[in-house]
Amino acid sequence: MPQGIRKVNVIGHLHPDTDSICSAIAYAHLKNEVEHTTIYEPRRAGTINRETAFVLKHFGFEEPELITSVTPQVKDTEIQRQGGIDGEMSLFSAWNLMRDTKADTLCITDEERNLEGLIAVKDIANANMDVFDVGVVGESATCYANIVDTLNGEMILGDPTGRVTGGNVCVGTTPEMMEDSVKPGDIVLVTNRYETQQFAVECGASCLVICCSAHVSDLVVESAKGHGCSIIATPYDTYAAARLISMSIPVRAKMLSEGILKVSVNTAIDDARKMMAKSRHRFFPVIDEEGKYVGLISSPSLLTAKKKHVILVDHNERSQSVEGLEQAEIMEIIDHHRIGSIETASPAYFRNMPVGCTCTIVHMMYRENGVEIPRDIAGLMLSAILSDTLAFRSPTCTQVDRDAAEDLARICGEDIQSYADAMFEAGADLTGRTAEEVFHQDFKVFSRGNVKFGVGQGSYMTENSRHAAEDLVGPYLAEAAAAEELPLVFYLFTDVKTSSSEIMWAGEGAADIVARAFDAKIEGNMAKLPGVVSRKKQVIPALMATLQSIQEDQD
């Protein structure tokens, strides 16, 4: 097992076909079996087509999870797993927690980990410096338990779960000095003078804070009961208690709750970096896929983001792969196409063989490693081989493909011919499908010099289904070229049983390119290509050679 790797994504190409999906599932299973792990996970880079959906359902598989980019995400960094705090926590407790955990930001959450706000050390410092806000304890509906905890005190009289509902905080000195300053509902800090304590009670104080752990007579306690006045005793002197009591207010009173900048675990590192650059905060809340708070992240953390690890199957062209590949660690490539444009930053295992299907190579690797092929995995690989070789009719098909298919058919118990017919019929069904869906069911982008072009293909068992597809997709090709930002688009409508195709196109000069590439007669917006069924072996090389010749003529 690779050390320090959390997960390896096994991914096929964009607009995945049956081989792309089935080889990802089969190869991920093989890697997990060989290395006795579970870190290899199949992924799909786009929407699966109906043929592939039929195959997955037939053999009892769910669609692999969609992945559209392998750029590093917030989940690939060191997230500070700082738990959320209750909004009723006092500023004093929050300050102590920050000191103990060396954090300068705390997030406030509810019982279900929903983010409610955040508070930074500067917010607590500002609150502590606002010495003239004498009404903040009452305005914040502070719980008496917070006051007791902040003052390291004891509740002599009253309900710790009760709340301060108003009034100011003031210091009681003498009855004469308090006569005009203490109002009903105030919290009064006093010491050991009986007259001062009693006078504060009679003035309607909501709470007496007895400083220096001074004695409270039974008469004062009884009087306080009658007036509904709570009593808290603290060992702190009047000065310290007066400074600290405002720190008993709940953090919800000072937290930032509007316009919070937060990131998802799935946010790309580049996007998170841009967001953070616009903010004055140092730490930012992170939420998971369900919108629940999971921790904090800072700008420096983004510098330590780990690359995603990927294995590419059934392609090795950059234009056919997911976004962000240049920022990922490519571990392996298993493919049967021409060697394309993907570069790796470090050595990678690269297995490319001139066979008709990637799953044929995967089948060989199962046998080489002595790993038993489960029935359902065998069914997937058989389906991929039949799909890519058009049930052995494609010129890309080799004896190795045929032997692999026969072995796999034996394991999964399928009759090759009847199963192939059912699979191709499922793929050719156009009921309820749009031109865009049919077009993208098997579409790839290629390049030659400065020219990029796309080639799609659909395989059909009957002439009627092929004509229906042509009527649906043909008018859409120009729109598809614009949507894909390609100057040239070609589409093959392949008749499986007659081993022939008809090609349609969109783009300036496309008709002349088809005529030169295939020595074909152009009939309107279509040309017939007898014996042409393989995009990889018969179509792409011809188009590439023609485009190169045209470029040389222009030069």
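Residues numbered from 1 in each chain as written. Predicted model: local features only at pLDDT ≥ 70, side-chain atom pairs only at ≥ 80, totals over all residues. Heavy atoms only, no water.

- An unreviewed UniProt entry lists the protein chain under the name inorganic diphosphatase, with Olsenella profusa given as the organism.
- Within the UniProt record for the protein chain, the comment given under Catalytic activity (unreviewed entry) is "diphosphate + H2O = 2 phosphate + H(+)".
- In its Cofactor (unreviewed entry) section, the UniProt record describing the protein chain reads: "Mn(2+)". (UniProt positions renumbered as here; feature names shortened; annotations may be inferred.)

Regarding the overall build of the protein chain
Link 1 in the chain: When helices and strands are counted, the protein chain shows 21 helices and 22 strands.
Link 2 in the chain: The C-alpha radius of gyration computed for the protein chain amounts to 36 Å, which surpasses the reference 24 Å derived for 555 residues by more than 25%, pointing to a less compact arrangement than a globule.
Link 3 in the chain: Dimensions of the protein chain along its principal axes, counting C-alpha atoms only, are 115 × 55 × 45 Å.
Link 4 in the chain: The long-range share in the protein chain, meaning contacts at least 24 apart out of those at least 6 apart in sequence, stands at 62%.
Link 5 in the chain: Charge separation in the protein chain, taken as the distance between the mean sites of 50 positive and 80 negative side-chain charges, equals 4 Å. (Helix = DSSP H or I, 4+ residues; strand = E, 2+ residues; numbered from the N terminus. Rg over C-alpha atoms; globule rule 2.2 N^0.38 Å. Contact = heavy atoms within 4.5 Å. Lys, Arg positive; Asp, Glu negative; His and termini not counted. Charge placed at Lys NZ, Arg CZ, Asp CG, Glu CD.)

Overview of the sheet that holds strand 7 (residues 169–171)
Link 1 in the chain: Judged by pairing direction, the sheet is mixed, and its five strands sit side by side in the order 6-10-9-8-7 without closing on themselves. Edge positions in the open sheet fall to strand 6 (154–157) and strand 7, since each of these has one partner strand only. Recorded for the sheet is a direction-independent mean angle of 25° between the axes of neighbouring strands.
Link 2 in the chain: Here strand 6 runs beside strand 10 (residues 230–233); their pairing, made up of three bridges, is antiparallel. Paired with M155 across the two strands is I232, which belongs to strand 10.
Link 3 in the chain: In the packing of helix 8 (residues 194–202) onto the sheet, contacts are made with strand 8 (187–190) and strand 9 (207–210), and the angle to strand 9 comes to roughly 160°.
Link 4 in the chain: Running at roughly 75° to strand 6, helix 9 (residues 218–227) makes contact with strand 6, strand 9 and strand 10 of the sheet. (Pairing = 2+ DSSP bridges. Axes fitted to C-alpha atoms, helices over the stretch in contact; angles between N-to-C directions.)

Focus: a negative patch on the surface
Link 1 in the chain: Taken together, the side chains of D86, E111, E112 and E116 present a region of like negative charge at the surface.
Link 2 in the chain: You can see E111 is positioned in the loop between strand 4 (105–109) and strand 5 (115–120).
Link 3 in the chain: Among the residues examined, E111 registers a relative accessible area of 83% and is labelled exposed. (Patch = residues over 30% accessible without salt bridge, like charges linked within 9 Å, V, L, I, M, F, W, Y side chains within 5 Å. Areas by Shrake-Rupley, 256 points an atom, 1.4 Å probe, with all protein chains shown as cover. Salt bridge = Lys/Arg side-chain N within 4 Å of Asp/Glu carboxyl O. Buried < 20%, exposed > 50% of the residue type's maximum accessible area, 1.4 Å probe, protein only.)

Quick look at the sheet that holds strand 11 (residues 263–264)
Within a sheet, each strand pairs with its neighbour through backbone hydrogen bonds, oriented either parallel or antiparallel.
Link 1 in the chain: With respect to topology, three strands assemble into an open sheet ordered 11-12-13, the strand pairing being mixed. The two strands at the open ends of the sheet, each matched to only one other strand, are strand 11 and strand 13 (293–298).
Link 2 in the chain: Examined bridge by bridge, strand 12 (residues 283–287) and strand 13 share five bridges and lie antiparallel to one another. Bridge assignment links V286 to a residue of strand 13, and that residue is G295.

Considering the side chain of K292
Link 1 in the chain: In this structure, K292 sits in the loop between strand 12 and strand 13.
Link 2 in the chain: Of the polar contacts made by the side chain of K292, one reaches the side chain of N114; its length is 3.0 Å.
Link 3 in the chain: Excluding its chain neighbours within four sequence positions, the residues that come into contact with K292 are E112, R113, N114, V286 and I287. (Polar contact = N/O pair within 3.5 Å; in protein donor to acceptor, adjacent residues only side chain to side chain.)

Some details on the environment of A28
Link 1 in the chain: By the secondary structure assignment, A28 is in helix 1 (residues 18–35).
Link 2 in the chain: For A28, the contacting residues outside a window of four places in its chain are V10, Y40, E41 and P42.

Quick notes on the pairing of strand 14 (residues 309–313)
Link 1 in the chain: Buried residues dominate strand 14, accounting for five of its five residues.
Link 2 in the chain: The side-chain alternation of strand 14 yields two buried faces, one formed by H309, I311 and V313 and the other by V310 and L312.
Link 3 in the chain: Summarising the sheet, strand 1 (residues 8–11) and strand 14 pair through four bridges and their orientation is parallel. Opposite V10, over in strand 14, you have I311 as the bridge partner.
Link 4 in the chain: Bridging between strand 14 and strand 15 (residues 329–335) involves five bridges; their strand directions are parallel.

Things to note about the nonpolar core
Link 1 in the chain: Grouped together as the largest cluster of nonpolar side chains are 54 residues, with contacts concentrated most on Y27, Y366 and M381.
Link 2 in the chain: With residues up to four places along the chain from it excluded, the contact list for Y27 reads V10, I311, V313, E332, I334, V362 and M365.
Link 3 in the chain: L106, C211, L244 and M255 belong to the second largest nonpolar core, which has 31 residues in total. (Core = buried A, V, L, I, M, F, W, Y, C linked by side-chain atoms within 4.5 Å.)

Comments concerning the UniProt feature "domain: CBS" (unreviewed entry) in the protein chain
Link 1 in the chain: When the UniProt feature table is mapped onto this chain numbering, "domain: CBS" (unreviewed entry) sits at residues 255–313.
Link 2 in the chain: Helix makes up 22% of residues 255–313 and strand 31%, with an end-to-end C-alpha separation of 50 Å.

Structural notes on the pattern of salt bridges
Link 1 in the chain: Summed over the entire model, instances satisfying the criterion amount to 27 salt bridges.
Link 2 in the chain: R338 serves as the salt-bridge partner of E317, at 2.7 Å between the closest nitrogen and oxygen. Placement of the pair is E317 in the loop between strand 14 and strand 15 and R338 in the loop between strand 15 and strand 16 (349–352), with a sequence separation of 21 residues.
Link 3 in the chain: When salt bridges with common partners are traced through the structure, they connect R466, E470, D495 and E502 into a single cluster.

Things to note about the environment of R193
Link 1 in the chain: Along the chain, R193 falls in the loop between strand 8 and helix 8.
Link 2 in the chain: Relative accessible area serves as the criterion here: at 39%, R193 is assigned to the partly exposed category.

A few points about the packing of aromatic side chains
Link 1 in the chain: Enumeration over the complete set of coordinates arrives at eight aromatic pairs.
Link 2 in the chain: Considering the side-chain rings of F453 and F490, the 6.3 Å spacing of their centres and the 80° angle between planes classify their relative orientation as edge-to-face. Residue F453 is located in strand 18 (residues 451–460), and its partner F490 is located in strand 19 (residues 488–495); the two are separated by 37 residues in the primary sequence.
Link 3 in the chain: On the basis of relative accessibility, which here comes to 0%, the residue F453 falls in the buried class.
Link 4 in the chain: For F490, a relative accessible area of 1% puts it in the buried group.
Link 5 in the chain: Judged by centre distance (4.9 Å) and plane angle (50°), the rings of Y491 and F493 are tilted.
Link 6 in the chain: The class for Y491 is buried, based on a relative accessible area of 0%. (Phe/Tyr/Trp six-rings, centres within 6.5 Å; stacked < 30°, edge-to-face > 60°.)

Considerations on helix 8
Link 1 in the chain: Buried residues of helix 8: T196, Q197, Q198, A200 and V201, and no others.
Link 2 in the chain: On its buried side, helix 8 packs onto helix 7 (175–178), strand 8, strand 9 and helix 9.

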